[in-house]
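A look at the structure
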Amino acid sequence: MNSIDCSRTLSISNHRVFSSDLNEHNTVFGGKILATIDDNSSIPASRVARIETVTASIDQVNFILPFKLQDSMCTESYVSGVGSRSIEVFTKIIGEHLKTGERFLGLTCFSTFVVIDKDIKLPMIHPDNPEAEYVCQGYEKRQSERMEKLLTQEKFNQNISLDFPWSSEVSNNVGYTGTDK
């Protein structure tokens, strides 16, 4: 089976923090950061699969330090593990105070992407620098934990109501006409 170096999957994007990025705490809105993660991490997944991938999960999001006005955010993502149809991508966001040059680790997370094609043979990933070696060594454990959580989530999902919350009648999502009594 072929393999690919982590560095060959690397995707980097930079963003300067503007006032329109901020929440009421004057730090970057978390939803914006999650969108940045999903956008950037989809590229390494595609570089491994070379076919369409879909986001299955964004796991272990660790907001370490906030990003503020006049900071920059450098988002780096690379593949950290490959399963039979799943691809794990590690993302870190490094902040830089643009007035002082001080750099800081603002966020780390793992995302999982899946390929729809069941017949694909994904390449193995090869860590080719000290950080990637450290990150990749935990892949099997993280994968096992994700599978356990997936089974728990499936059971959880079976107990979630799909009924309309504003209706006093049990609708079961069938035959709803849009009028409540």
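Relevant structure appears above.
Quick look at the structure, then. Worth saying up front: this structure is predicted, and the values here are computed from it rather than measured.

**Structural notes on the pairing of strand β4 (residues 71-82)**
Within a regular strand, the side chains alternate between the two sheet faces. Burial analysis of β4 places 12 of its 12 residues in the buried class, which makes it a mostly covered element. Direction of pairing for β4 relative to strand β5 (residues 86-97): antiparallel, over a ladder of 11 bridges. By the bridge assignment, Glu 76 is partnered in β5 with Lys 92. Hairpin connection between β4 and β5: a loop of three residues separates the two successive antiparallel strands.

**Side note on the nonpolar core**
Of all hydrophobic cores here, the largest spans 20 residues; its most connected members are Val 48, Val 79, Ile 87 and Leu 122. Every element with two or more residues in this core is listed here: α1 (30-49), β4, β5, β6 (103-115) and α2 (130-136). Ranked by size, the runner-up nonpolar core spans 11 residues in total, among them Leu 22, Met 73, Phe 104 and Cys 109.

**So, the pattern of salt bridges**
Evaluation of the coordinates by the stated rule reveals seven salt bridges. We note a salt bridge from Asp 59 to Arg 146, for which the minimum N-O separation is 3.7 Å. Remark: Arg 146 occurs in helix α3 (residues 139-157) and Asp 59 occurs in strand β3 (residues 53-63); sequence separation between them is 87 residues. Given a relative accessible area of 13%, Arg 146 falls into the buried group. Close ionic contact of Arg 142 with Glu 88 constitutes a salt bridge, the shortest N to O distance being 2.8 Å. With a gap of 54 residues between them, Arg 142 in helix α3 and Glu 88 in strand β5 connect regions that are remote in the sequence. For Arg 142, a relative accessible area of 10% corresponds to the buried category. Residue Glu 88 is classed as buried on the basis of its relative accessible area, which comes to 1%. A network of salt bridges, in which partner residues are shared, links Asp 59, Glu 88, Arg 142 and Arg 146.

What counts, and where the lines are drawn
Residues numbered from 1 in each chain as written. Predicted model: local features only at pLDDT ≥ 70, side-chain atom pairs only at ≥ 80, totals over all residues. Heavy atoms only, no water. Buried < 20%, exposed > 50% of the residue type's maximum accessible area, 1.4 Å probe, protein only. Helix = DSSP H or I, 4+ residues; strand = E, 2+ residues; numbered from the N terminus. Pairing = 2+ DSSP bridges. Core = buried A, V, L, I, M, F, W, Y, C linked by side-chain atoms within 4.5 Å. Salt bridge = Lys/Arg side-chain N within 4 Å of Asp/Glu carboxyl O.

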